[in-house]
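Each chain is listed here by its residues.
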Amino acid sequence: MKVLLTGGAGYIGSHTTLALLRAGHDVFVVDNHRNSSPVVLDRVRALSGRDFGAAEIDICDAGALAACLAAFRPDCVIHFAGLKAVAESIPEAVEYYRVNVGGTISLLQAMDLAECRKLIFSSSATIYGTALPPPFAEDHPIAPSSPYGRTKAQVEQIVTDWVAAADHRGAVLLRYFNPVGADPSGQIGEDPRGIPNNLMPYVLQVVAGRREELLVFGDDYDTPDGSGERDYIHVVDLARGHIAALDYVMTTEASAAFNLGTGRGVTVREVLRTFEAATGCTVAHRIVGRRPGDVGSSVADVAKAARLLGWCAQETLADACLSGWNWQRRNPDGYGPHDR
Ligand code: NAD
Ligand code: WQD
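The present account deals with the structure reproduced in this document. (Residues numbered from 1 in each chain as written. Chains lettered and ligands numbered in written order. Predicted model: local features only at pLDDT ≥ 70, side-chain atom pairs only at ≥ 80, totals over all residues. Heavy atoms only, no water.)

1. Some words on the overall build of the protein chain
The number of helices and strands found in the protein chain is 10 helices and 13 strands. Rg of the C-alpha trace for the protein chain: 19 Å, near the compact-globule value of 20 Å for 340 residues, within the 12% margin. With the C-alpha coordinates of the protein chain rotated into their principal frame, the extents come out at 55 × 45 × 40 Å. When burial is assessed residue by residue, the protein chain has 55% of its 340 residues classed as buried. Look at the contacts in the protein chain between residues 6 or more apart in sequence, and 80% of them connect residues 24 or more apart. Averaging the positions of the 31 positive and the 40 negative side-chain charges in the protein chain gives two centres separated by 2 Å. (Helix = DSSP H or I, 4+ residues; strand = E, 2+ residues; numbered from the N terminus. Rg over C-alpha atoms; globule rule 2.2 N^0.38 Å. Buried < 20%, exposed > 50% of the residue type's maximum accessible area, 1.4 Å probe, protein only. Contact = heavy atoms within 4.5 Å. Lys, Arg positive; Asp, Glu negative; His and termini not counted. Charge placed at Lys NZ, Arg CZ, Asp CG, Glu CD.)

Encoded structure:
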């Protein structure tokens, strides 16, 4: 199958590009490298032993995107490109709507021109409201609490309306929980710019000596030990989830949402214990107050993905800790020096 990936040089996109190449698909990557390095693509080529095309294009550049899709003529597009930092999306709200919503609209128009009718979209568990307790099934109320989350909920709606607007279109909306870990080779991984927002990259930088200590945000949540509880999903499992979604989307003429998570909640303290046991490294940390906007617990109901995609997580959190540490150790500056 011919698959075009927007944002294919990013953290999840690069692992998915590798999985698609290994599964024998022909891929093309579109990325403007706003949050990634082109070096990633050469590492994916080396790991897979296969070549593939790539173009440095901004998805908001409708003309360039349309020309690219018209030339490659994909059977399916996997749409990762976008901005993803919850806190940044508050002061930068309009920019988030421009890129995430506006970029998706130019993508759908380019797909129409290229007669591509199948789309897999990177959505997020952050769209779920938290008035009702987890686990969150796909029909759980949608109530995002940040501009970032609202861009994801709006794109889900736009894609659903795009599918309904003409025959033979299909879409899968993948709601990722908390992606962690790296390819076991240590050649590709998460390379955040500046101070990491997320727990696992912060832990890795503390252990690597780049940050002094982890601040554990809150110990008074209604969770087994009071620290925040999340559903951490290995990025290699996520990549496999896209292969399963690709098989599914090619046979559907509807829009369907699926959670990609493990179904198991893990607290921050448990992450630290698992990391230390898996790697033998100590994570310096200190308990502080809650981070504004955080929820106590977010865990996926994964029954629908198992039933309809035939997919479930296989890797453990210990695997994710080890592979993440392997990536960090081998690449102390990520893909190269940039703004820290
Ligand atoms: P990432 O930032 O590593 O990857 C996104 C890629 O898109 C980057 O390579 C970036 O350069 C590219 N990009 C950004 N704006 C672009 C534009 N205008 N034109 C072309 N390319 C552009 O992020 P990721 O963690 O790999 O996430 C991928 C997708 O999954 C995003 O849509 C994100 O919102 C979603 N998601 C991520 C997480 C997570 O925690 N990582 C969780 C849920 C959902
Ligand atoms: C996990 C846990 C923190 C950092 C965010 C987005 C979500 C999705 C994934 C894109 C929480 C605690 C964290 C730290 C800590 N991304 N923590 N110290 O907040 O679940 O989700 O990323 O869609 O939309 O909101 O992930 O990794 O930031 O936090 O104690 O330095 O770790 O409080 O309990 P989160 P996270």
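Still more ground to cover, so stick around.
2. Description of the site of ligand 1
For ligand 1, the set of nearby residues contains 27 residues, the closest of which are Asp31, Asn35, Ser36, Phe80 and Tyr148. At 3.3 Å from an oxygen atom of ligand 1 is found a main-chain nitrogen or oxygen belonging to glycine 10. Arginine 34 places a main-chain nitrogen or oxygen 3.1 Å from an oxygen atom of ligand 1. Here ligand 1 has 820 Å² of accessible area as a free molecule, and 95% of this is covered by the chains. Where the shell around ligand 1 is concerned, the elements lending two or more residues are α1 (11-22), β5 (118-124) and α5 (147-164). The element contributing the most residues to the shell around ligand 1 is β5, with three residues. The residue makeup of the shell around ligand 1, split by class, is 12 nonpolar, 10 polar and five charged. (Near = heavy atom within 4 Å. Polar contact = N/O pair within 3.5 Å; in protein donor to acceptor, adjacent residues only side chain to side chain. Areas by Shrake-Rupley, 256 points an atom, 1.4 Å probe, with all protein chains shown as cover. Nonpolar A, V, L, I, M, F, W, Y, C, P; charged D, E, K, R; others polar.)

3. A few points about the packing of α1 against helix α7 (residues 235-249)
With their axes 8 Å apart at the nearest point, α1 and α7 run at an angle of 60 degrees to one another. By the angle between their directions, the pair α1 and α7 is classed as oblique. In the crossing of α1 with α7, the sense of the turn from one axis to the other is right-handed. Facing α1, whose interface residues are Tyr11, Ile12, His15, Thr16, Ala19 and Leu20, α7 presents Val235, Leu238, Ala239, His242, Ile243 and Leu246. For the contact of α1 with α7, the per-class residue count stands at nine nonpolar, three polar and no charged. (Axes fitted to C-alpha atoms, helices over the stretch in contact; angles between N-to-C directions. Parallel < 35°, antiparallel > 145°, perpendicular 65-115°, else oblique. Left-handed = near helix turned anticlockwise from the far one by under 90°.)

4. Brief notes about the site of ligand 2
In the vicinity of ligand 2, 18 residues are found, and the nearest of them are Ser124, Tyr148, Leu215, Arg230 and Asp294. Backbone polar atom of leucine 215 to a nitrogen atom of ligand 2: 2.7 Å apart, as the coordinates give it. In the environment of ligand 2, an oxygen atom lies 2.9 Å from a nitrogen or oxygen atom belonging to the backbone of phenylalanine 217. Protein chains shield 87% of the accessible area of ligand 2, which is 680 Å² for the free molecule. Counting residues per element, the shell around ligand 2 draws most heavily on strand β8 (residues 214-217), at four residues. In terms of residue class, the shell around ligand 2 is built from nine nonpolar, six polar and three charged.

It is worth stressing that arrangement in space is one thing and function is another; only the former is reported here.
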